[in-house]
Amino acid sequence: MTVEGSVRRYRIGVIPGDGTGPEVIREGLKVLEAVRALEGFSVELTTFDLGGERYLRTGEVLPEEDLERLRGMDAIYLGAVGHPEVRPGILERDLLLRIRFELDQYVNLRPVIRYPGVRTLVPSHSEDDVNFVVVRENSEGLYSGAGGFHRRGTPYEVAVQESINTRHGVERIVRYAFELARGPERRGKLTLVHKTNVLTYAGDLYQRVVDELAPEYPDVRTDYVHVDAACIYFLEQPSRFDVIVTDNMFGDIITDLGAIIQGGMGIAAGGNINPQGVSMFEPIGGTAPDHVGKGTINPLAAIGALQMLLRSLGESGAAARVDAGIRFACTKMHSMRAGEMGYSTSEVGDLVVEGATA
């Protein structure tokens, strides 16, 4: 952030990406402009041509000059990345994972909130029942890229994928979760989700770190749940969770289940956080190629990601306005599912603006 006179100014890198990414980012930027004007700060947007279309056109995934420009941003706003003509793994590894690793975005933060009026597959839950956040380790585990093949392509082929978990990495993600749990917006409870009875090395490290740090946070209650049991509790008793801390793979899986109990991928937002550096915020639903150009995709996840971005910048007033706008839109929409909202993509963005500026 820079301050010019009395005006706060932020540099935001925008990666619209592929598929419906540009459509949902457009609505997010519409909302950003509305709340920015009311809250008295300015933004300098820099758009990055990154994703499947760029790769197919030039063979480049993330040029060094673009990576260095991203380092200079105050935050990054990502639409979606993925293309049916690009082999799986290229964009995920060389673009998304590289940004996370190079910018040390070691926290993946996923709020799971059920907004008023939103219908889900578990209709018995109320808004208060579904209100927790998943803190997923974002730089280690099975996603670290360690492993390889032996005798590839033969009947005796062996594939090894290693889960790398360092004391440094585990301690900083657990400490982040403890700090979050004691914050004013949470309820003072931290749950470790893992599989300590089978993954006896990585699970043991996570549990020991939680136990060793707990005395520093006497105001935070701790407990433990196996990941398979957590999937049951998500559906049957989500109110037992406040802040969850877990590893990379388990976090990737349970946050999708979390999206289902909050209304679907169309409303699920996430952040890749470096608490001391540049963070990146995105909807987690993917590119949705079947909805490209139809005006049927739900932009609320991207707008929710914008809310997280604003909060990370310290613009709590603007973030509160966006939250109010999302809640207003949810009370008007027929469904969170793409094509069933009762409004077009742009009209949903207009509803959020209306609620955010009321």
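Everything discussed here concerns the structure shown above.
Residues numbered from 1 in each chain as written. Predicted model: local features only at pLDDT ≥ 70, side-chain atom pairs only at ≥ 80, totals over all residues. Heavy atoms only, no water.

### Describing unusual backbone geometry
Backbone phi values are negative for most residues with the exception of glycine, while trans is the configuration of most peptide bonds. Worth spelling out the cut-off: Working definition: helices are DSSP H or I runs of at least four residues, strands are E runs of at least two. Numbering for both runs from the N terminus. Only protein chains enter the calculation, and the probe is 1.4 Å; a residue is then buried if its accessible area is under 20% of its type maximum, exposed if over 50%, and partly exposed in between.
Although it is not a glycine, Asp104 sits at a positive phi angle of roughly 55 degrees. Locating Asp104 in the fold gives a position in the loop between α4 (90-102) and β5 (107-113). We classify Asp104 as partly exposed; its relative accessible area is 31%. Although it is not a glycine, Ala288 sits at a positive phi angle of roughly 45 degrees. Along the chain, Ala288 turns up in the loop between β13 (279-283) and α9 (300-312).

### Brief notes about the pattern of salt bridges
This is how the line gets drawn: Whenever a carboxyl oxygen of Asp or Glu lies within 4 Å of a side-chain nitrogen of Lys or Arg, that contact is scored as a salt bridge.
Counted by the stated rule, this structure contains 33 salt bridges. Between Arg9 and Glu44 there is a salt bridge, with the nearest N and O atoms lying 3.9 Å from each other. You can see Arg9 sitting in strand β2 (residues 7-17) and its partner Glu44 sitting in strand β3 (residues 41-47), a full 35 residues away along the chain. Arg9 gets classed as partly exposed once you look at its relative accessible area, which sits at 25%. You can call Glu44 partly exposed: its relative accessible area is 35%. The partner of Asp252 in a salt bridge is Arg136, with the nearest N and O atoms 3.8 Å apart.

### Describing helix α3 (residues 64-71)
Test applied: Here the arc refers to the directions that run from the helix axis out to each C-beta atom.
What α3 keeps buried is the set Asp66, Leu67 and Leu70. Down the axis of α3, the smallest arc covering the buried residues is 100 degrees, so these residues share one side.

### Quick notes on the pairing of β5
For the record, the criterion: Two strands qualify as a pair provided DSSP detects at least 2 bridges between them.
Taken across its seven residues, β5 has five buried, putting it largely inside the fold. The pairing of β5 with strand β6 (residues 131-137) spans seven bridges and is classified as antiparallel. By the bridge assignment, Asn108 is partnered in β6 with Arg136. Alignment of β5 against strand β12 (residues 269-273), held across three bridges, turns out to be antiparallel. Of the residues in β12, the one forming a bridge with Leu109 is Gly271.

### With respect to the layout of surface pockets
Our working rule: With a 1 Å grid laid over protein atoms only, a set of points is called a cavity when a 1.4 Å probe fits there but cannot get out and a pocket when it is open yet has protein on both sides within 12 Å along at least five of seven lines; lining residues have an atom within 4 Å of a point. Grid points are joined across faces, edges and corners, and a volume is the space filled by probe spheres set on the points. Gly is placed with the polar residues, together with every amino acid not listed as nonpolar (Ala, Val, Leu, Ile, Met, Phe, Trp, Tyr, Cys and Pro) or charged (Asp, Glu, Lys and Arg).
Taken as a whole, the largest pocket spans an internal volume of roughly 1000 Å³. Looking at the largest pocket, it is lined by 40 residues, and the ones nearest its centre are Leu109, Pro111, Glu185, Met308 and Arg311. Going through the elements one at a time, β5, β6, α5 (167-181), β12, β13, α9 and α10 (316-332) are the ones with two or more residues in the lining of the largest pocket. Counting residues per element, the lining of the largest pocket draws most heavily on α9, which supplies six residues. The class makeup of the residues in the lining of the largest pocket is 20 nonpolar, 10 polar and 10 charged.

### Some thoughts on the nonpolar core
What counts is decided by this rule: Only buried residues count toward a nonpolar core. Its members are Ala, Val, Leu, Ile, Met, Phe, Trp, Tyr and Cys residues joined through side-chain atoms within 4.5 Å.
Formed by 65 residues in total, the largest nonpolar core has its most connected members in Val174, Leu300 and Leu310. Here this core takes eight residues from α9, the largest share from any one element.

### Remarks on the packing of helix α1 (residues 21-39) against α10
Spelled out, the test is: Interaxial angles span 0 to 180 degrees and are taken between N-to-C directions of axes, which are lines fitted to C-alpha atoms, for helices over the stretch in contact. Each angle is binned into one of four classes, with values under 35 degrees roughly parallel, values over 145 roughly antiparallel, values of 65 to 115 roughly perpendicular, and all other values oblique. Rotating anticlockwise by less than a right angle from the far helix to the near helix defines a left-handed crossing, while the corresponding clockwise rotation defines a right-handed one. Any pair of residues with heavy atoms lying within 4.5 Å of one another is described as a contacting pair.
Packing of α1 against α10 brings their axes to within 9 Å, and their N-to-C directions diverge by 135 degrees. Judged by the angle between their axes, α1 and α10 are oblique. Note on packing geometry: the crossing formed by α1 with α10 is right-handed. On α10, the residues touching Val31, Val35, Leu38 and Glu39 of α1 are Gly317, Ala318, Arg321 and Val322. Residue composition of the contact of α1 with α10, by class: five nonpolar, one polar and two charged.

### Some remarks on the packing of aromatic side chains
The geometry of two aromatic rings is summed up by the distance between their centres and the angle between their planes. Put simply, the test is: Note on aromatic pairs: the rings of Phe, Tyr and Trp (six-membered ring only in Trp) are paired at centre separations within 6.5 Å, and the planes decide the class, stacked below 30 degrees, edge-to-face beyond 60, tilted for the rest.
Taken as a whole, this structure holds five aromatic pairs when the rule is applied. Seen in terms of ring centroids, Tyr10 and Phe41 are 5.7 Å apart; in terms of plane orientation they differ by 80 degrees. Their pairing is edge-to-face. Of this pair, Tyr10 sits in strand β2 while Phe41 sits in strand β3; the two residues are 31 residues apart in sequence, bridging distant segments of the chain. In this structure, Tyr10 and Phe41 share a single accessibility class: buried. Geometrically, the ring pair formed by Phe178 and Tyr217 is stacked, given 4.7 Å between the ring centres and 10 degrees between the ring planes. Remark: Tyr217 occurs in the loop between α6 (202-213) and β10 (221-226) and Phe178 occurs in helix α5; sequence separation between them is 39 residues. Across the pair, Tyr217 and Phe178 agree in class, each one buried.

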